[in-house]
Amino acid sequence: MISITNLILVFLFGSLISYLLTKTNKVLGSIFNFLISSYALFYVWNVNVGKTEKLFNVFGDIESSLKVTYLGKFFAIVSFLVLAFVSFFIIDWIRSNSKNSAAFNAFYLLMAGGSLGVFFANDLITLYIFWEIAVLGSFLIIPMGNKDSKKAAINYAVMSAIGSYMYLFATFSIFNRYGVISFDRVINKLSNESSTSYIWFIILFISSAGIVKSGIFPLHTWLRKAYGSSPDAFTAAFSGQLSKLGSYVLAISFAVFPTMKLFPQFYHGIPTLNYLLIWLGNISIILGTFMAIRQNDMKQLIAYSSIANGGYILIGLASLDSIGFAGGLFHVFNHAIISVMVFLSFALVILRTGTSKIDEMGGLIWRMPMTFVTYLVGIISLAGIPPTSGFISKWMIFNTLVRKGMFITAAIAFIGSVGSFLYVFRPLAGVFLGQLKKKHYNLKEGSFIMLLPMLLMVALTVLLGVYPKPILDLIVSVETELGIKPLEHSGIIIKTPLGSWNTLTVFIMFAVGFIIALVLYLLFPKAKKVELTNQYTGAEFLYNYDLYHYATGFYRFIERLYDKHPSFEKLYEMVSTFFKSMGDFITGLVYKTGPSGYVFWISIIILIIYWVRW
């Protein structure tokens, strides 16, 4: 196999080749992206842990280098699984995407190459450089979406910059104080640091980059706009892969930097800083869940769901518990493949209907049954229902919260899970069930190329729900590497102090129940099919078939309970408006000098003269 450095260069220079190929033929460029992404998935699965490569000298003899760790390998496998499947979907989807297809494919590879460098970076500077490359690629793709995408891209760039600069500030501070940047040396220096406040500053500033990218409260506001406005197929990679960069940095902040040793234990063995950040996860679950319930745009609905799921991941990772940390990592994997299933389903629906508004659709199950199945299995896993793999990760996190006596967090996580049943049902009922609108009578299902990666993801989430051993083995390797007690499992049985979970037994129980229901369905008389008008109408004259599909204000009876909720989005918009006004004021004084400008500058000069003479 080639070196990691060369693989990254393949992605970076491959982006130019992809651009030229797509200019020649859209499909050809997309096939090229799929082949490179697939090779990268094969590569990261087989690469040996411990492999180290030097890149360049940063300052004097300080080296920038790459190193394969179990943690980086786990995230790289998840990422390139997502990127390979999404790039396969794009091969056909891009035929209908007339906006900047060549640039889209080029930036897709740029983002992938940057992500690869992030996961295998062996020091703070290298991680930052590749982080910015990945962010740049995604930032340039977002404006290729709908009419609001340019504004969303700016919002994304600003929020990303806040996290990135805080991370960079901490990095420079470490180098200035210790003269080192590699992770192992930084850990050694921090372990001997006498200033507690300095350790707080370093870990908080480094984790801030992960908090922003994961969409954790209070730096979550970019996520709804960016997911809702970016190109539809790309949103699957955005949510499934790019947000996992944030989870990776959070894992580094909690576990690679030994917060268990750096901070005093506050609550049932959880370090103080971790417990503080767990509360950000709690707020993210509540905020993401209740805001998702309100959304009529299906992409924005799942964007808020991603905020809530980022909260679950944060809680699991920050617990540093054998089962909780494993649950957090497993949820990283689950959320990645769920995002691909759900957002690719939406991409296909939007491609066919031209809208993402839930109340403008209905009854699509009759025209797009395979897309419906993909979305259905995706939301079952998202809601944490067995036998899908989504249940296992949530069960592990709940198990930890109960065992540690964190009942408030457990209650919040439970409310979030119940809420997820509500918000995932809204697109199910509004888009796929109910009355098919006349304008959608001639819609067709997606092509084989677009359906194949979606259905493979369906099979994968069910398979890993029954046989999670491949993922659990990777997680055990990560925990062993980080000095966390490894999770006990035997392939299909996960053992905890509160009991065990046998995935095969649960699957058999569900299968038996399904077979019984199928037999009853076949034995008993079928429901009578009638015309739409041949039913009870409450004495109302039926003049529009579409009115039979109830999708507008779906959860209005819940939404009105928190109509006047406080909004950080509005707060940030006020701050943004203030700075824009200040900018306009200064621009008016400097570049568009009018009578008021002359008065201002004369006043300034008089004050300076007076100050000098005085």
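Owing to the predicted nature of the structure, the values given are computational and were not obtained by experimental measurement.

### Some thoughts on the pattern of salt bridges
And then number 1: Inspection of every chain in the model, using the stated rule, returns 15 salt bridges.
And then number 2: Between Arg 177 and Glu 193 there is a salt bridge whose closest N-O contact spans 3.0 Å. Remark: Glu 193 occurs in the loop between α7 (183-191) and α8 (196-214) and Arg 177 occurs in helix α6 (residues 149-178); sequence separation between them is 16 residues.
And then number 3: Residue class for Arg 177 comes out partly exposed when judged on its relative accessible area of 44%.
And then number 4: Residue class for Glu 193 comes out buried when judged on its relative accessible area of 14%.
And then number 5: Between Arg 403 and Asp 321 there is a salt bridge, with the nearest N and O atoms lying 2.8 Å from each other. A residue pair is termed long-range when its members are at least 10 positions apart, and Arg 403 in helix α16 (residues 389-403) and Asp 321 in the loop between α13 (298-319) and α14 (322-353) qualify at 82 residues.
And then number 6: Taking the relative accessible area as the measure of exposure, Arg 403 reaches 27% and is therefore partly exposed.
And then number 7: Owing to a relative accessible area of 11%, Asp 321 belongs among the buried residues under this scheme.
And then number 8: Each of Arg 294, Arg 426, Arg 556, Glu 559 and Asp 563 takes part in salt bridges that share partners, so that together they form one network.

### Comments concerning the nonpolar core
Across soluble globular proteins, nonpolar side chains show a tendency to be buried alongside one another.
And then number 1: Membership of the largest hydrophobic core comes to 191 residues, with the highest contact counts inside it found for Phe 74, Leu 127 and Phe 257.
And then number 2: Here the element with the most residues in this core is α14; it accounts for 20 residues.
And then number 3: Residues contacting Phe 74, with those up to four places away along its chain left out, are Leu 329, Val 332, Phe 333, Ile 471, Leu 474, Ile 475 and Val 478.

### What to know about the environment of Ala 517
And then number 1: The topology assignment puts Ala 517 in helix α20 (residues 503-523).
And then number 2: By relative accessible area, which is 43% here, Ala 517 ends up partly exposed.
And then number 3: Along the backbone, Ala 517 and Gly 384 are 133 residues apart, and their C-alpha atoms lie at a distance of 22 Å.

### What to know about the pairing of strand β2 (residues 62-67)
And then number 1: Sheet topology places strand β1 (residues 52-59) next to β2; six bridges connect them, and they run antiparallel. Each residue of the ladder has a partner; that of Glu 53, found in β2, is Leu 66.
And then number 2: Hairpin connection, β1 to β2: the antiparallel pair is bridged by two residues, and Gly 60 has positive phi, about 60 degrees.

### Points about the sheet that holds strand β7 (residues 499-502)
And then number 1: If you walk across this open sheet you meet the three strands as β5-β6-β7, and the pairing is antiparallel. Of all strands in the sheet, those bounded by a partner on one side alone are β5 (488-489) and β7.
And then number 2: Bridge count between β5 and strand β6 (residues 493-496): two bridges; the pairing is antiparallel. When the bridges of β6 are listed, His 489 appears paired with Ile 494.

Each value, and the rule that gives it
- Residues numbered from 1 in each chain as written.
- Predicted model: local features only at pLDDT ≥ 70, side-chain atom pairs only at ≥ 80, totals over all residues.
- Heavy atoms only, no water.
- Salt bridge = Lys/Arg side-chain N within 4 Å of Asp/Glu carboxyl O.
- Helix = DSSP H or I, 4+ residues; strand = E, 2+ residues; numbered from the N terminus.
- Buried < 20%, exposed > 50% of the residue type's maximum accessible area, 1.4 Å probe, protein only.
- Core = buried A, V, L, I, M, F, W, Y, C linked by side-chain atoms within 4.5 Å.
- Contact = heavy atoms within 4.5 Å.
- Pairing = 2+ DSSP bridges.

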